[in-house]
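Fold and geometry: a report
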Amino acid sequence: MATYASNLPETMKAVHWTNIGKPADILTLEEHQPLPVPTGTNILVKVYASALNPVDWKLMKGGVPRFLMPKVKTPGLDISGTVVGLGPKVGRNNKAGVQKFTIGDRVMAMLDFSKSGGLQEYTLVDESILVKTPLEWDDLAAAAFPLVGTTVYESLVVRGQIKKGDRVLVNGASGGTGSVAVQLATALGASVVGVCSTANVDLVKKLGAIEVVDYTSAKVHEQYTNKDFDIIFDTVGSGQLYATSGTLLKSSGQYIQIAGADSAMDSPFHLLYSGLQILRKKLHGLVTCGPGYQLFTTFPNGANLATAAHILVKANAKPTVASTFEFSLDQVLKAYSQSQSGRAKGKLVVTLQ
């Protein structure tokens, strides 16, 4: 049987989307939804905060195949909170990287795309992707970190094989993902050049970048012309940056992109077209024996999340929270509107408790 904390309510508030379209047109707030029941290795978490990600509203467009759409139409992939329920099989997993949990633990997680549900007061998380929140972080920082932390770790460490002394160019260095990339790469001993707008230059320098390119007044490919970089980490999906990457990257370097065009999820046709463009770029690198190209989707990985958090904690760093919003429909819609603008300095976080 499942184990629960005492005095849990019978119902909760939750945001839903039941159709495809823009957040303002399709999101609703359910006031009395039954609490989820933890079965198997699932853990019930009382959600303190949930961070928004562009993939939330991109999925709402409905352009991905039906089998890839979330089964639970509650947006939000990032959470922080407290363990309040344990499924009957929790704690039996001896796989490396899976932590042990008890009622009352402060935790954070990147939720499964097919089982998302951060914008609800209680949610289920499998123990394999749940991580204890570092003591040095508050719940807002913890909510802001899981997806971007997992993404940055896989991009720079697993795929980019970053090492001390590498030169790394981060495009979109002031955003939620880019800001963490600057911090993590710096913590691992790399020299980071950030690309951002005028208003965010000082922020990116404080995060650890040794140089910052203000894209409103300078062009990266004109400032760096001697194959200066081991890794380009593109969080924006810039066609111009990729087109000029031959003068920026060493022949052994990696161009790692985590964002396609905003239109990529508008329809299955757009998704197919984007896939063909990715294949073309990969083949170009192979044929010319030039830098590698990678664009990928991040999936929950508790071990990678824990390691990424440990790296930042050791460096006395934490994710940047741009703005916080209360848990009401008006505030959630305001948060998504800001996310769609692409101008946030860090992460947008909704507080649920």
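The following refers to the structure shown. (Residues numbered from 1 in each chain as written. Predicted model: local features only at pLDDT ≥ 70, side-chain atom pairs only at ≥ 80, totals over all residues. Heavy atoms only, no water.)

1. Regarding the pattern of salt bridges
Quick note on the threshold: Here, a salt bridge means any side-chain nitrogen of Lys or Arg that lies within 4 Å of a carboxyl oxygen of Asp or Glu. Going along the chain from the N terminus, every DSSP run of H or I of four or more residues is numbered as a helix, and every run of E of two or more is numbered as a strand. Burial classes follow relative accessibility: with a 1.4 Å probe on protein chains only, a residue under 20% of its type's maximum area counts as buried, one over 50% as exposed, and anything between as partly exposed.
Taken as a whole, this structure holds six salt bridges when the rule is applied. Measuring nitrogen to oxygen at the nearest pair gives 4.0 Å for the salt bridge that ties Glu-31 to Lys-13. Taken together, the residues span a long stretch of sequence, with Glu-31 in strand 3 (residues 27-34) and Lys-13 in strand 2 (residues 11-17) at a distance of 18 residues. Of the residues examined, Lys-13 reaches a relative accessible area of 30% and is grouped as partly exposed. We note a salt bridge from Asp-230 to Lys-250, for which the minimum N-O separation is 3.1 Å. Note that Asp-230 is positioned in strand 12 (residues 229-234) and Lys-250 in strand 13 (residues 249-257), a separation of 20 residues in sequence. Its relative accessible area of 13% is what places Asp-230 among the buried residues.

2. Focus on the packing of helix 5 (residues 176-187) against helix 10 (residues 302-314)
To characterise two packed helices, one gives the angle between the axes of the helices and the distance between these axes. What counts here: Axis definition: a line fitted to C-alpha atoms, limited for helices to the stretch in contact. Angles are taken between N-to-C directions and run from 0 to 180 degrees. Here roughly perpendicular refers to angles of 65 to 115 degrees, roughly parallel to angles under 35, roughly antiparallel to angles over 145, and oblique to all remaining angles. Two residues form a contact once any of their heavy atoms are found within 4.5 Å. Each residue gets one of three labels, nonpolar for Ala, Val, Leu, Ile, Met, Phe, Trp, Tyr, Cys and Pro, charged for Asp, Glu, Lys and Arg, and polar for the others, Gly among them.
Two elements in contact, helix 5 and helix 10, have axes separated by 9 Å at closest approach and are oriented at 75°. Relative to helix 10, the element helix 5 is oriented roughly perpendicular. Contact residues: helix 5 offers Gln-183, Leu-184 and Ala-187, while helix 10 offers Ala-308, Ile-311 and Leu-312. Each residue belonging to the contact of helix 5 with helix 10 can be placed in one class, and the counts come to five nonpolar, one polar and no charged.

3. Let's talk about unusual backbone geometry
Peptide bonds are mostly trans, and most non-glycine residues show a negative phi. Phi at Lys-227 takes a positive value of approximately 50°, unusual for a residue other than glycine. Examined against the element boundaries, Lys-227 turns out to sit in the loop between helix 7 (220-223) and strand 12. For Asn-316, which is not glycine, the phi dihedral falls at a positive 55°. The residue Asn-316 is located in the loop between helix 10 and strand 15 (321-326) in this model.

4. As for the side chain of Ser-50
So the rule is basically this: Distance and chemistry together define a polar contact, namely a pair of N or O atoms within 3.5 Å, with one atom able to donate a hydrogen and the other to accept it when in protein, and with adjacent residues in sequence counting only for side-chain atoms on both sides.
Here Ser-50 lies in strand 4 (residues 42-51). Within polar-contact distance, the side chain of Ser-50 engages the backbone oxygen of Asp-78 at 2.8 Å.

5. Some details on helix 10
What counts here: Helix span, expected: 1.5 Å multiplied by one less than the number of residues in the helix.
For helix 10, spanning 13 residues, the distance from its first C-alpha to its last is 18 Å, which sits close to the expected 18 Å at 1.5 Å a residue. The complete set of buried residues in helix 10 reads Gly-302, Asn-304, Leu-305, Ala-308, Ala-309, Ile-311, Leu-312 and Val-313. Buried residues in helix 10 make contact with strand 6 (106-110), strand 8 (130-132), helix 4 (146-159) and helix 5. Sitting at the head of helix 10, Asn-301 places a side-chain oxygen 3.2 Å from the backbone nitrogen of Ala-303. Of the residues one or two after helix 10, Asn-316 is the one with positive phi, at around 55°.

6. So, the pairing of strand 6
Look at any regular strand and the pattern is simple: side chains alternate between the two faces of the sheet. Which entries qualify depends on this criterion: Here, a strand pair is defined by DSSP locating no fewer than two bridges between the strands.
Judged by how many residues are buried, strand 6 sits mostly within the fold: four of five residues are covered. In the sheet, strand 5 (residues 78-86) pairs with strand 6 via five bridges, with the strands oriented antiparallel. When the bridges of strand 6 are listed, Asp-78 appears paired with Met-110. In the sheet, strand 6 pairs with strand 8 via three bridges, with the strands oriented antiparallel.

7. Observations regarding the sheet that holds strand 11 (residues 211-214)
On the basis of which strands lie adjacent, the open sheet formed by six strands has the order 11-10-9-12-13-14 and parallel pairing. Strands with a single pairing partner mark the edges of an open sheet, and in this sheet they are strand 11 and strand 14 (292-295). Ignoring strand direction, the axes of neighbouring strands in this sheet form an average angle of 15°. Where strand 10 (residues 191-196) and strand 11 come together, four bridges link them in parallel fashion. Within strand 11, the residue paired with Gly-194 across the bridge is Val-212. Against the sheet, helix 4 engages strand 12, strand 13 and strand 14, with an angle of about 160° to strand 12.

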